[in-house]
Amino acid sequence: MKKSIEKSILFLTITCFLGACSESFLEEEPKGFLGESNLQNEEGINAALVGAYALLDGMNIDGANTWSANPQNWILGSVPSDDAYKGSEQTDFAEMTQLEIYQWSAGNSIMNDKWVSSYEGVVRANSTISLLGGADLPDAVRDNLEGQARFLRAYYHFELYKVWGNVPYFTEADEDFVKSNEGVDPLGDAIADMTAAVNLLPATQDDAGRATKDAASAMLGKFYMYKYGESGSTADASSAKTYLDPVVAARSLTPCLKDMFHTSTENNEAMIFSVQSSINDGGNSRNANWLNQLAYPAGSSFGCCGFHQPSQDLVNAYKVDANGLPMFDNYNDAELDPATDAVDPRIDFTIGRDNVPYWDWDIHDASWIRDRAFSGPYSPKKFSHYKADPVSTGGWNNNAYNGINFSIIRLADAMLLLAEAEVILGNLAAAEDLVNEIRERAGNCAQGPFVDGGGSAVITDDIDNPDIDWANYEVQPYPAGTFATNGPEFAMNAVRWERRLELALEGHRFFDLRRWGIAAEVLNKYTEYAAQTRSYYADAATYEARHRWYPIPTIQINANTRNGEQILKQNTGW
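Here the residue numbers are simple positions, counted from 1 along each chain's written sequence. Reporting in this predicted model follows two pLDDT cut-offs: at least 70 for local features of residues, and 80 or more for side-chain atom pairs to be given and counted; totals over whole chains, interfaces and linings ignore these cut-offs and use all residues. Hydrogens and water molecules were not included; the side-chain quantities draw on all heavy atoms of the structure.

Asker: Whenever I open this one, the environment of L418 confuses me. Can you help?
Answerer: Strands are runs of DSSP state E lasting at least two residues, helices are runs of H or I lasting at least four, and both sets are numbered from the N terminus onward. Structurally, L418 is set in helix α13 (residues 411–424). Categorising residues by exposure relies on relative accessible area from a 1.4 Å probe, with only protein chains included: less than 20% of the type maximum marks a residue as buried, more than 50% marks it as exposed, and the intermediate range marks it as partly exposed. L418 sits in the buried class, given a relative accessible area of 2%. For the pair formed by L418 and A430, sequence separation is 12 residues and the distance between their alpha carbons is 9.2 Å. In what follows, residue pairs with any heavy atoms lying within 4.5 Å of each other are defined as contacts. Excluding residues that lie within four positions of it along the chain, L418 makes contacts with K241, L244, D245, V248 and L434.

Set out below in structure tokens:
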């Protein structure tokens, strides 16, 4: 299902010419009408299900640029963290800057896109389940279709929960869509749905991109780690381990990180579940990762738009000590100096840096940045394609579209969630093994010497390649027993650090900091550091308890009323 999804809805058009209609048409089923009875078969239900999958990329039915609905979550999950600045220039999308520096308000219009798109996905999943109720299907077919729909319903609600916390959970049984969010447990409801999906889904699917049993198990493990963040109960960490263990054990990491972010290699066993993207399929690039087009260098061959720029803090985090290990305590003592500092090679799979090849496009330089004084010298890189790859023929910024899938959950993500659970449960050696497996993979490859249009030829499997003159790449696993010797606090810090390096700019960081309960500590320290070089951070608000959840969009609060009473309540502090 490599985004051959056609985003369409069925429109009923009734045309009456003067003198050609009578009252009898009110009593007849209109010609061309598709009611439930027409769709209650495998083909019809699958069509409805494909419609539910189509919302994974965040694009709603009107084709609007719903930027915050991007499944990469860079606007809501990366920019407000210590990983990235909004980027571009000061006056461009000022509402994003407000999110970045915690000057949040319920009237910020950007957030509403995420709300609307996610609930549209819920509606489509519920419509699929409703159609199943009256269909005569073989049990295996029914279970598969229901499992996929419940997977998607759980996922869309989870996305809403991550952002707003207190959100109503809708099922196919709901008839009243003005629903209270007081006393709700959307994460618990999502866990119930995803548990059902685990039991209903098959091990494999005929189409890439459809949910499988392992995809549901991995997501369920993630849900339980989020629940642990609320409860602090080891029972939740144990449940996460139960579901993550078999998924991790059955898979292997790809030889190189770049394999996860290229169209020729991305649908591999380590990509547990992803949003399928494609170009040149007749969709005018709308089936490409359209909502990520702002997050490309502003200059060079891309032309636009320079958002989602990596922070200096993230760049510094890739520094390693003489043993090839992270510098937890002093990484920010000085900015990275490429001439003297050794770095984890993942830095140049993630971040565009001056004097370093940007894949096979060119050598990154100052002209690639829209306003360096405002947002620094770095560009996002992880989701950019090779110059040698096919060019999209639709849209307004062709080089900023590609068919690279967005990972919803990949193996390294699952492994690091499992490593967290292992630390919580006292299994420090197991956690160390998981982290080391990822670190060992990180040393397998690096950005190699520039070859104009060379595609994968610019990736080297020798991080000590003598032609690499822009970096001293170094990364090593932790020596055996390091976690046990230094204790659980050190071990958890190491797991969290690895999660930041491996998953940087994939939209996880802000949500991770919140579920770990350390967001205020980390982010208030970060804003002080960022203010030294980014002057607008002087206006950053203090990250407080109310920032645990974003404010629910005012437009949604006002829309959900009954007899003048607001049924949907605003989150505390907003």
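Asker: When you look at the state of the cysteines in this model, what are you seeing that I'm missing?
Answerer: Put plainly, a disulfide is one covalent bond tying together the sulfur atoms of two cysteines. To count as a disulfide, a pair of cysteine sulfur atoms needs to be within 2.5 Å. Applying the stated criterion across every chain, the model contains 2 disulfides. What pairs with C256 in a disulfide is C445, and their sulfur atoms sit 2.1 Å apart. Measuring handedness by torsion sign, the sulfur bridge of C256 and C445 sits at about 95 degrees and is right-handed. With C256 in the loop between α9 (234–249) and β2 (271–275) and C445 in the loop between α14 (428–442) and β10 (446–447), this residue pair connects regions lying 189 residues apart in the sequence. Overall, C445 belongs to the buried group, its relative accessible area being 4%. Each sulfur in the disulfide pair C304 and C305 lies 1.5 Å from the other.

Asker: I would appreciate a short explanation of the pattern of salt bridges in the present structure.
Answerer: Once their charged atoms are close, side chains differing in charge can pair, the charge on each being opposite to the other. Basic side-chain nitrogens of Lys or Arg form a salt bridge, by our definition, when they fall within 4 Å of a carboxyl oxygen of Asp or Glu. Inspection of every chain in the model, using the stated rule, returns 37 salt bridges. One salt bridge connects D354 with R372, and the closest N-O pair in it is separated by 2.6 Å. Here D354 is found in the loop between β5 (351–352) and β6 (357–358), whereas its partner R372 is found in helix α12 (residues 372–375), with 18 residues between them in sequence. D354 gets classed as partly exposed once you look at its relative accessible area, which sits at 25%. Residue R546 pairs with E544 through a salt bridge whose shortest N-O separation is 3.4 Å. Put simply, D344, R346, K382, R410, R439, R441, E498, E502 and E506 are held in one network by salt bridges that share partners.

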